[in-house]
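Summary of structural features
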Amino acid sequence: MGQAVNMSKARPASLQDVQIKDDFWSYYIDLVRDVVVPYQWDALNDRIDSAEPSHAIANFKIAAGEAEGSFHGMVFQDSDVAKWLEAVGYLLHTRKDPALEQIADDVIDTIAKAQHADGYLNTYYTLQEPGKKWTNLAECHELYCAGHMIEAGVAYYKGTGKRKLLDVVCKMADDIAVVFGDGPGQIAGYDGHQEIELALVKLYEVTGDSKYLELSRYFIDKRGQKPSFFEAEAEARGWTSHWHKGRIHLDDAYFQAHLPVREQDAAIGHAVRVVYMLTGMADVARETGDQSLIDACRKLWDNIVSKQMYVTGGIGSMAQGEAFSFDYDLPNDTVYSETCAAIGLIFFAHRMLQIEPDSRYADVLERALYNTVIAGMSRDGKHFFYVNPLEVTPEVCDGRNKNYNHIKPVRQEWFGCACCPPNIARLLASLGEYTYAVKGSTIYSHLYIGGEANLQVEGANVQLTQKSSMPWSGNVIYELKLDAPSKLALALRLPDWSASAKITVNGKPFSFEDKIEGGYAIVERTWSSGDVVELVLEMPVMRVRSNPLVKYNAGKVALQHGPLVYCVEEADNGAGLSSLMLPADSELRVSFDKQLAGGLQVISANALKLEYKQWGTQLYRSDASAYLAPAEAKFIPYYAWANRGKGEMAVWVKERA
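Let us look at the structure shown here. (Residues numbered from 1 in each chain as written. Predicted model: local features only at pLDDT ≥ 70, side-chain atom pairs only at ≥ 80, totals over all residues. Heavy atoms only, no water.)

1. Topic: the overall build of the chain
- Of regular secondary structure, the chain possesses 17 helices and 25 strands.
- Computed over the C-alpha atoms, the radius of gyration of the chain is 25 Å, within 12% of the 26 Å expected from 2.2 N^0.38 for a compact globule of 657 residues.
- Split into buried and exposed, the 657 residues of the chain put 60% on the buried side.
- In the chain, of all internal contacts separated by at least 6 residues, the share reaching a separation of at least 24 is 71%.
- Working note: accessible area of the chain is about 25,100 Å², and carbon and sulfur atoms make up 49% of it.
- Between the averaged position of the 65 positive side-chain charges in the chain and that of its 85 negative side-chain charges there is a distance of 2 Å. (Helix = DSSP H or I, 4+ residues; strand = E, 2+ residues; numbered from the N terminus. Rg over C-alpha atoms; globule rule 2.2 N^0.38 Å. Buried < 20%, exposed > 50% of the residue type's maximum accessible area, 1.4 Å probe, protein only. Contact = heavy atoms within 4.5 Å. Areas by Shrake-Rupley, 256 points an atom, 1.4 Å probe, with all protein chains shown as cover. Lys, Arg positive; Asp, Glu negative; His and termini not counted. Charge placed at Lys NZ, Arg CZ, Asp CG, Glu CD.)

2. Quick word on the packing of aromatic side chains
- One pass over the structure, following the stated rule, counts 27 aromatic pairs.
- A ring pair is formed by tyrosine 218 and phenylalanine 219, whose centres lie 5.9 Å apart and whose planes are at 65°; its orientation type is edge-to-face. By the burial criterion, tyrosine 218 is buried, and phenylalanine 219 matches it.
- One aromatic cluster is present, formed by Phe24, Trp25, Tyr27, Tyr28, Tyr370, Trp472, Phe592 and Tyr639 through successive ring pairs.
- Just above the ring of tyrosine 27 sits the side chain of arginine 379; from NZ or CZ to the centre is 3.8 Å.
- Over the ring of tryptophan 527 we find arginine 525; its NZ or CZ atom is 5.1 Å from the centre of that ring. (Phe/Tyr/Trp six-rings, centres within 6.5 Å; stacked < 30°, edge-to-face > 60°. Lys NZ or Arg CZ within 6 Å of the ring centre and 35° of its normal.)

3. With respect to helix 1 (residues 25-44)
- Where helix 1 bends most, the angle comes to about 45°, and this point is valine 32.
- In terms of burial, helix 1 is a largely internal element, 14 of the 20 residues being buried.
- Within two residues after helix 1, aspartate 46 carries a phi angle of roughly 60°, on the positive side. (Bend = angle between axes of the 7 residues up to and from the residue.)

4. Here's the deal with the sheet that holds strand 8 (residues 451-457)
- Pairing within the open sheet is antiparallel, and its seven strands lie in the order 2-8-9-10-16-12-13. Of all strands in the sheet, those bounded by a partner on one side alone are strand 2 (18-20) and strand 13 (508-509).
- Pairing between strand 10 (residues 475-482) and strand 16 (residues 532-537): five bridges, direction antiparallel. Across the sheet, the residue bridging to tyrosine 478 is valine 533, located in strand 16. (Pairing = 2+ DSSP bridges.)

5. Considerations on the pairing of strand 25 (residues 653-656)
- Inspection of the sheet shows strand 18 (residues 556-561) paired to strand 25 by two bridges, in the antiparallel sense. Looking at the pairing, lysine 556 lines up with lysine 654 of strand 25.

6. Some remarks on the environment of isoleucine 516
- Counting through the fold element by element, isoleucine 516 comes out in strand 14 (residues 516-517).
- Spatially, the C-alpha atoms of isoleucine 516 and arginine 493 are 9.3 Å apart, while their sequence positions differ by 23 residues.

7. A closer look at the side chain of arginine 379
- Positionally, arginine 379 belongs in the loop between helix 15 (359-375) and strand 5 (391-392).
- Although buried, arginine 379 forms no salt bridge, and the nearest oppositely charged side chain, aspartate 380, lies 8.9 Å from it.
- Look past the residues within four positions of arginine 379 in its chain and what remains in contact with it is Tyr27, Tyr28, Leu31, Ala597, Gly598 and Asn643. (Salt bridge = Lys/Arg side-chain N within 4 Å of Asp/Glu carboxyl O.)

8. Digging into the sheet that holds strand 11 (residues 486-493)
- Read from one edge to the other, the open sheet built from six strands follows the order 1-6-7-11-15-14, with strand pairing classed as mixed. Each end of this open sheet is capped by a strand with a single partner; those strands are strand 1 (11-12) and strand 14.
- As judged from the four bridges shared by strand 7 (residues 442-445) and strand 11, these two strands associate in the parallel manner. By the bridge assignment for strand 11, serine 445 is matched with leucine 492.
- The sheet contacts of helix 15 involve strand 11 and strand 15 (520-527), and relative to strand 11 the element is tilted by about 55°. (Axes fitted to C-alpha atoms, helices over the stretch in contact; angles between N-to-C directions.)

9. Notes on the pattern of salt bridges
- In total, this model carries 47 salt bridges according to the counting rule given.
- Across the pair arginine 360 and glutamate 356 runs a salt bridge whose closest N-O atoms are separated by 3.8 Å.
- Residue classification places arginine 360 among the partly exposed positions, given a relative accessible area of 31%.
- Between arginine 545 and glutamate 655 there is a salt bridge whose closest N-O contact spans 2.8 Å. Within this pair, whereas arginine 545 is found in the loop between strand 17 (541-544) and strand 18, its partner glutamate 655 is found in strand 25, the two being separated by 110 residues in sequence.
- One connected set of salt bridges, linked through shared partners, spans Lys9, Glu205, Asp283, Arg286, Glu287 and Arg351.

10. Quick notes on unusual backbone geometry
- Of note, the amide linkage connecting lysine 226 to proline 227 takes the cis form, showing an omega dihedral of 0°.
- Positionally, proline 227 belongs in the loop between helix 10 (210-222) and helix 11 (229-237).
- In this model, methionine 470 is joined to proline 471 through a cis peptide bond whose omega is 0°.
- In this structure, proline 471 sits in the loop between strand 9 (460-468) and strand 10.
- In this structure, glutamate 322 is a non-glycine residue whose phi angle is positive, near 50°.
- Structurally, the position occupied by glutamate 322 is in the loop between helix 13 (291-307) and strand 4 (323-324).

11. Focus: helix 15
- Taking 1.5 Å as the rise per residue, helix 15 with 17 residues should run 24 Å; its terminal C-alpha atoms sit 23 Å apart, in good agreement.
- Considering bend angle alone, the principal kink of helix 15 is centred on leucine 369 and spans about 35°.
- Most of helix 15 sits out of view: 16 of its 17 residues are buried.
- If you check the start of helix 15, you find a side-chain oxygen 3.0 Å away from the backbone N of arginine 360, and it comes from aspartate 358. (Expected span 1.5 Å × (residues − 1). Polar contact = N/O pair within 3.5 Å; in protein donor to acceptor, adjacent residues only side chain to side chain.)

12. Details of the pairing of strand 7
- The side-chain alternation of strand 7 yields two buried faces, one formed by Thr442 and Tyr444 and the other by Ile443 and Ser445.
- Bridge count for strand 6 (residues 436-439) against strand 7 is four bridges, and the pairing is antiparallel. Along strand 7, the bridge assignment pairs lysine 439 with threonine 442.
- Hairpin connection, strand 6 to strand 7: the antiparallel pair is bridged by two residues, and glycine 440 has positive phi, about 60°.

13. Regarding the environment of alanine 489
- Relative to the helices and strands, alanine 489 is located in strand 11.
- Residues alanine 489 and threonine 442 lie 47 residues apart in sequence; the distance between their C-alpha atoms is 4.5 Å.
- Each residue touching alanine 489, except ones within four places of it in the same chain, is listed here: Ser441, Thr442, Ile443, Ile522, Val523, Glu524 and Trp527.

14. Focus on the packing of helix 8 (residues 164-179) against helix 10
- For the pair helix 8 and helix 10, interaxial distance at closest approach is 11 Å and the crossing angle is 50°. Taken together, helix 8 and helix 10 sit at an angle that is classed as oblique. Note on packing geometry: the crossing formed by helix 8 with helix 10 is left-handed. From helix 8, Cys170, Ala173, Asp174, Ile176 and Ala177 reach across to helix 10, where they touch Lys211, Tyr212, Leu215 and Phe219.
- Here the contact of helix 8 with helix 10 is built from residues that sort into seven nonpolar, no polar and two charged. (Parallel < 35°, antiparallel > 145°, perpendicular 65-115°, else oblique. Left-handed = near helix turned anticlockwise from the far one by under 90°. Nonpolar A, V, L, I, M, F, W, Y, C, P; charged D, E, K, R; others polar.)

In structure tokens:
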């Protein structure tokens, strides 16, 4: 246990206090409400004939005695229902929808019936292996599922004021507190997939019961202690495995259990588990002031973003184990970059912003959000990526090369392991929480997303209206309304993609060069109702290059415009993207295409394409003549790729001096 320090945390905006009205993001939030959540409800009920069956709702109905049958799906299938309910809770927070609320209430009734008398709730062990609960925490996700249900209970209570699901999860968490611990007859361990840690802190925040915070801290402190809990658990079980008939293979590093969390200095193992763990660690650190946990979070943050993160904000470079591999190992074509991992990185960044408002966290949050997260869902809201590659050649994804089996050149309707689609829904439905935070007398503007916010700042009620032209240009306008003049500060993030900025207050230039704190320009004054602040961020098209230790990108360049990373697609540039070369002196021209993916900015440039004459059928030749033919290269935002059918795609292209 680390020494506690006094901390003043930054309080994020409440979802009920933020209404997003934004030319770019309102589309996605409406899509979640009108298409994604209904579509996913159909998927959970097995109503999409062409998609993989879920059976998730059926599992709960069978466990509740409302239907007959047997368990079907992954051992963690319950979590898909929980994330769907969480997204519904967020949507009901911002707009009432009696029909949707009734559907959710009916599901909650079923979940309550499926709960055991002692509070235990898990349909797999209820139906498939009764009597074996808590015997395979390494593989079977019981606490992970419990964590997602807790998050759903908290979100639904906040969104509707209804306690039924909250009471269910409190009863479940109370049972977990009895089962786990260092006392006689308790399990002195933790789950193989982190999630319960961050969920318990949310439950503590909404109930005020410190037991839940202490339980979260217990799971964090226990992880990685020796002797290995997972080995002891496997020994007691006879070394059986849930996933195959042979002896279980345990790699504590895969579970981030190779060392106590405060001693880990590099992200390793399953990527989603890493960032969920770090989110929980940051939560506990924020609430307890544990400096050693804060230091551990910073150390692992730095390793991830400076050595193991893709330019798109994706993490997890290795398909084997959906995992981190080692520093600077960032292949583009065999990458994993699971959508859930980027979402988990956003969770972690958001928690670090609460501990210490610093633009480096918000920059990464924005990068992952604008690129990997929304790339994980099609514009129709009914097709999804689990894996987010940075380079695709469809022919190698057809099964003949097993190294590419995980890569899909087009988005899928659903997945047998369907964690990503509901994760996207719950994040986008709660996006308002990520836009602002208040610390003392300062309002931090983390994301430039248009809308209205009502914020309490040291007793003053501040209504903040933001108009943003992001991501297409760097103009942002704020109008403030207050009941009475108040002295406070508005902290405006200076993004890493902008070389310079200008700020005006009521039309007059505001000098902020000596007023920058943690990457935020601090505009402090006595504000009156009707005051207007304008921020203009320079937004050049940037040529981004990798650290030389990233060998896959040697001699290559990626384009970024504002928060958006760009790519080339076969639909615009023809096949053979690997032969495309961008001269270092080519002018990068920006234009708006109203027809493509709902309207977006494209980047065009004079380029070259490597071609060979008279090659013939030989595999290798020393006398082949190569020449560079003029070509026109067209780049589109990475999030919009694969909306025009199957074809090649690349983020990184060769650069010619």
